[in-house]
Amino acid sequence: MSPVAKGLSKAASEGAAITPRVALNIAVTATFALVPIYAAFSGDAFALTLFTRIVILAIAALSLNLIMGFGGMVSFGHAAYLGIGGYAVGILAKEGIGSGFVQWPVAVASAALYALVVGALSLRTRGVYFIMITLAFAQMIYYVAIGLDRYGGDDGLTIYHRSRFGTLIDLSNRTEFYYLCLALLLVSVYVVWRIVNSRFGMVIQGARSNERRMRAIGFPTFRYRLACFVIAGAMCGLAGALLANHTDFVSPAMMHWTRSGDLIVMVVLGGMQTMFGPLIGALTFLVLEEGLSRLTEFSNLIIGPFLLVVAISMRGGIDGLIGGVRRG
Amino acid sequence: MADVLLEVEGLTKRFGGVVAADDISLTLSAGELHAIIGPNGAGKSTLIGQLSGEVTPDSGCIRFDGREITNLPVYRRSQLGLARSFQVTTLFSDFTALDNVALSVQAHGGHSFRFWRNARREAELREPAEAALAQVGLAQRAATLVADLSHGERRQLEIAMALAAQPRMLLLDEPMAGMGPEESARLVAKLRDLKGAITVILIEHDIDAVFALADRISVLVYGRIIASGDPGTIRADAGVRQAYLGEGATDD
């Protein structure tokens, strides 16, 4: 049995029945799994493109949920990791290193290193200051990317060959690439689930709830929060590498601060501190954005109030609406 | 006299023009229950803050078990066995009672860079936590979220968390504040059980409880210890009666 299926069945057995939340999670997973089949039969190639993007950004949202939802660290610069992961792939490709076995580890490691630096400085502050520092760093990286003349500067950088993994998998096959992204998403969900329920996860959640108390009972909270920040950064760096392969292009725009805002919206919309919330949030947000932009050029006029309603009336996001808000 | 566990020398702390701690010296033997009383604003909480490490003294020194701890961070002192409870209950409100105590156990069971095993299924965390809950009479409420506990139960949970850390010394900041008479009586009994096993500094406004429990009492007024001694001495001290007990005598 796959880890996620095991998790689902365990959740089901604990609830003695398939709860609405479990049903929702299964429905979301099944939807993701069936998209390529739908695309193949209907000839709607765009559905696959859209859903590849959704799956990749769900990984980014999931990593943000780890620090923001579970850890209480509201990072307003999370798109920077997408950019760093993406540029790692783009720059290496341009310099003639096409192997994914090099590109992807470099993408993950660069994002983790950046997270280490940002975290080491920003985690000494709280609240609004933390948000401002993470934003400031992301803006810095954004302008650094604009200044990279060799790599396209403001115009971005086209990637002519997707990451190569020998005969293992062909990323230019869109269906194979989609399923690779989906597999990585589900593995990431499982990893986050394990982390959150581990001793480490208890410390992270305790520090969200009451950091002063955590120190008083003997936890050096800073190093745990920093480690969590780095894990999330690395995970989002991987999403960045995927995104670069998906669009065959990287540009500073993928790190714009509004992209960081989108990620926060996805997490809040889907439901913070839940395993599938970021997936549901990414799905809802991107489908809504796409659908509305076809109907009207004023799609933000509809999305904005919708998000406002969600934020005000639905504590726990869509997950909370369907599964009931859970505390703890 | 037993071994000295805590030694405080010349502790001084000013907040602007206010002297919150004025050359405080204090010595506690292992196993002693030492109460600190004084009117509001006398600097009792500041003293606890300095002992636990949240407040840095301007001068003076603190030694715990012969080791200088004046500049150690809060978590290091906690790891050395100096536990505190808070005056205003500050628990992890979205955790269950058992989770709260288990965190306290976990804090003293090595580092927590363990990312994979489910902490809620670790017997080495859950069992001591359950035992500590049972000790304060909260065993039935283990699975209840802190948010759903009564005020008195939260105070008991505070004590359970402190006990679960198996501290050598306990700093109790007004543990009975807001408790009903029955809960207070249970806590007094609990503290009496612990006497001798754990060294305790007790800050408390409930004078009856203080005189019933304390081996020694120090009276703090305007950041200065004006008297220190056994309960009988303190009760007889003219300066104390004037400065403090005189005001509180109407309560008795």
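Source: prediction; values computed, not measured.

J.: Before we go on, may I ask you to explain the overall build of chain B in this structure?
T.: Helix and strand counts for chain B come out as nine helices and ten strands. For chain B, whose C-alpha radius of gyration is 18 Å, the value lies close to the compact-globule estimate of 18 Å for 252 residues. The principal-axis extent of the C-alpha atoms belonging to chain B is close to 60 × 40 × 40 Å. The buried share among the 252 residues of chain B stands at 43%. Long-range pairs, those at least 24 residues apart, make up 66% of the contacts in chain B with a sequence separation of at least 6.

J.: What exactly am I supposed to notice about the domain arrangement of chain B here?
T.: Many analyses report the size of an interface as the accessible area lost when the parts associate. All names here are of chain B. Along its sequence, chain B is organised into domain 1 (1-81 + 169-252) and domain 2 (91-166). For domain 1 versus domain 2, the separation of C-alpha centres amounts to 26 Å. With eleven residues of domain 1 in contact, the opposing surface of domain 2 contributes ten residues. Taken together, the elements giving at least two residues each to the side of domain 1 that touches domain 2 come down to helix 2 (74-80) and helix 6 (181-194).

J.: Looking at this structure, how should I read helix 3 (residues 97-107) of chain B?
T.: In an α-helix, one turn spans 3.6 residues; hence positions three or four apart end up facing the same way. Most of helix 3 of chain B sits inside the fold, with eleven of its eleven residues counted as buried. Buried residues along helix 3 of chain B sit in contact with helix 8 (199-216) of chain A together with helix 2, helix 4 (123-135) and helix 5 (151-164) of chain B.

J.: Looking at this structure, I do not really get the pairing of strand 6 (residues 82-85) of chain B. What am I missing?
T.: All names here are of chain B. A two-sided burial pattern is seen for strand 6, the buried positions comprising Leu82 and Arg84 on one face and Ala83 and Ser85 on the other. As paired elements, strand 6 and strand 7 (residues 169-173) share four bridges and run parallel to each other. Bridging from a neighbouring strand, Ser85 pairs with Leu172 of strand 7.

J.: When you look at the interface of chain A and chain B in this model, what are you seeing that I'm missing?
T.: Between chain A and chain B, the residue contacts involve 23 residues of the former and 30 residues of the latter. When contributions to the side of chain A that touches chain B are tallied by element, the ones reaching two or more residues are helix 7 (174-197), helix 8 and helix 9 (221-247) of chain A. Among the residues making up the side of chain A that touches chain B, the classes are represented as ten nonpolar, seven polar and six charged.

J.: Can you walk me through the sheet that holds strand 9 (residues 216-221) of chain B in this structure?
T.: One key point about sheets: their strands pair by backbone hydrogen bonds, in either a parallel or an antiparallel sense. Residues and elements named next belong to chain B. Pairing in this open sheet of six strands is mixed, and the strands run 6-7-8-3-9-10 from one edge to the other. Edge strands, defined here as strands with exactly one partner in the open sheet, are strand 6 and strand 10 (224-229). With strand direction ignored, the average angle separating the axes of adjacent strands in the sheet is 15 degrees.

J.: Would you mind going over the packing of helix 4 (residues 79-94) of chain A against helix 5 (residues 100-122) of chain A with me for this structure?
T.: Helices that pack against each other are described as a pair by the angle of their axes relative to one another and the distance between those axes. All names here are of chain A. Contact geometry of helix 4 with helix 5 gives a least axis separation of 8 Å together with a crossing angle of 145 degrees. For the element pair helix 4 and helix 5, the recorded crossing hand is right-handed. Between helix 4, through Ala80, Tyr81, Ile84, Gly85, Ala88, Val89 and Leu92, and helix 5, the contact on the second element is made entirely by Val102, Gln103, Val106, Ala107, Ser110, Ala111, Tyr114 and Ala115. Residue composition of the contact of helix 4 with helix 5, by class: twelve nonpolar, three polar and no charged.

J.: What is the right way to read the nonpolar core from this model?
T.: One recurring pattern in soluble globular proteins: nonpolar side chains tend to sit buried together. By size, the foremost hydrophobic cluster in this structure holds 173 residues, and its most contacted members are Val101(B) and Ala160(B). Each of two domains, domain 1 (1-81 + 169-252) and domain 2 (91-166) of chain B, supplies a minimum of three residues to this core.

J.: Would you mind showing me how to read the environment of Leu98(B) here?
T.: Residue and element names in this part refer to chain B. With respect to the helices, strands and loops of the structure, Leu98 is situated in helix 3. In sequence terms Leu98 and Ala147 are 49 residues apart; their C-alpha atoms lie 13 Å from each other. Leave out the neighbours within four places in its chain, and Leu98 touches Ala129, Glu130, Leu133, Ala142 and Ala143.

J.: When you look at the environment of Phe95(B) in this model, what are you seeing that I'm missing?
T.: The topology assignment puts Phe95(B) in the loop between strand 6 and helix 3. On a C-alpha basis, the gap between Phe95(B) and Val146(B) in space is 6.2 Å, while along the polypeptide they are 51 residues apart.

J.: What is the right way to read the confidence of the model for chain B from this model?
T.: The predicted structure's coordinates, where accompanied by low pLDDT, should not be read in detail. Residues and elements named next belong to chain B. Summarising the model, chain B shows a mean pLDDT of 88, and 95% of its residues fall at 70 or more. In the model, residues 248-252 has pLDDT below 50 throughout and makes two contacts with residues more than four positions away in sequence or in other chains. In the model output, the complex is listed with pTM 0.88 alongside ipTM 0.82.

J.: Looking at this structure, I do not really get the environment of Val203(A). What am I missing?
T.: One can find Val203(A) in helix 8. Taking the C-alpha atoms as reference, Val203(A) lies 7.5 Å from Thr221(A); in sequence the two are 18 residues apart. In this structure, Val203(A) is in contact with Phe219(A), Tyr224(A) and Ser112(B), ignoring residues within four places of it in sequence.

J.: Would you mind showing me how to read the pairing of strand 9 of chain B here?
T.: Walk down a regular strand and you will see the side chains alternate between the two sheet faces. Residue and element names in this part refer to chain B. Of the strand pairs in this sheet, strand 3 (residues 33-37) and strand 9 are connected by four bridges, and their pairing is parallel. Along strand 9, the bridge assignment pairs Ala35 with Ile217. The pairing of strand 9 with strand 10 spans five bridges and is antiparallel. Its bridge partner lying in strand 10, Ile217 is registered against Gly229. Turn length for the strand 9-strand 10 hairpin, with the two strands adjacent in sequence and antiparallel, is two residues, and the turn residue Tyr222 shows positive phi of about 50 degrees.

J.: Would you mind showing me how to read unusual backbone geometry here?
T.: Most peptide bonds adopt trans geometry, and most residues besides glycine take a negative phi value. Non-glycine residue Asp23(B) carries a positive phi angle of around 55 degrees. Considering the arrangement of structural elements, one finds Asp23(B) in strand 2 (residues 18-29).

Reading the values: the criteria
Residues numbered from 1 in each chain as written. Chains lettered and ligands numbered in written order. Predicted model: local features only at pLDDT ≥ 70, side-chain atom pairs only at ≥ 80, totals over all residues. Helix = DSSP H or I, 4+ residues; strand = E, 2+ residues; numbered from the N terminus. Rg over C-alpha atoms; globule rule 2.2 N^0.38 Å. Buried ≥ 20, exposed ≤ 12 C-beta atoms within 10 Å, placed from the backbone. Contact = placed C-beta atoms within 7 Å. Domains from an automatic or database assignment. Pairing = 2+ DSSP bridges. Nonpolar A, V, L, I, M, F, W, Y, C, P; charged D, E, K, R; others polar. Axes fitted to C-alpha atoms, helices over the stretch in contact; angles between N-to-C directions. Left-handed = near helix turned anticlockwise from the far one by under 90°. Core = buried A, V, L, I, M, F, W, Y, C linked by C-beta atoms within 7 Å. pLDDT = per-residue confidence, 0-100.

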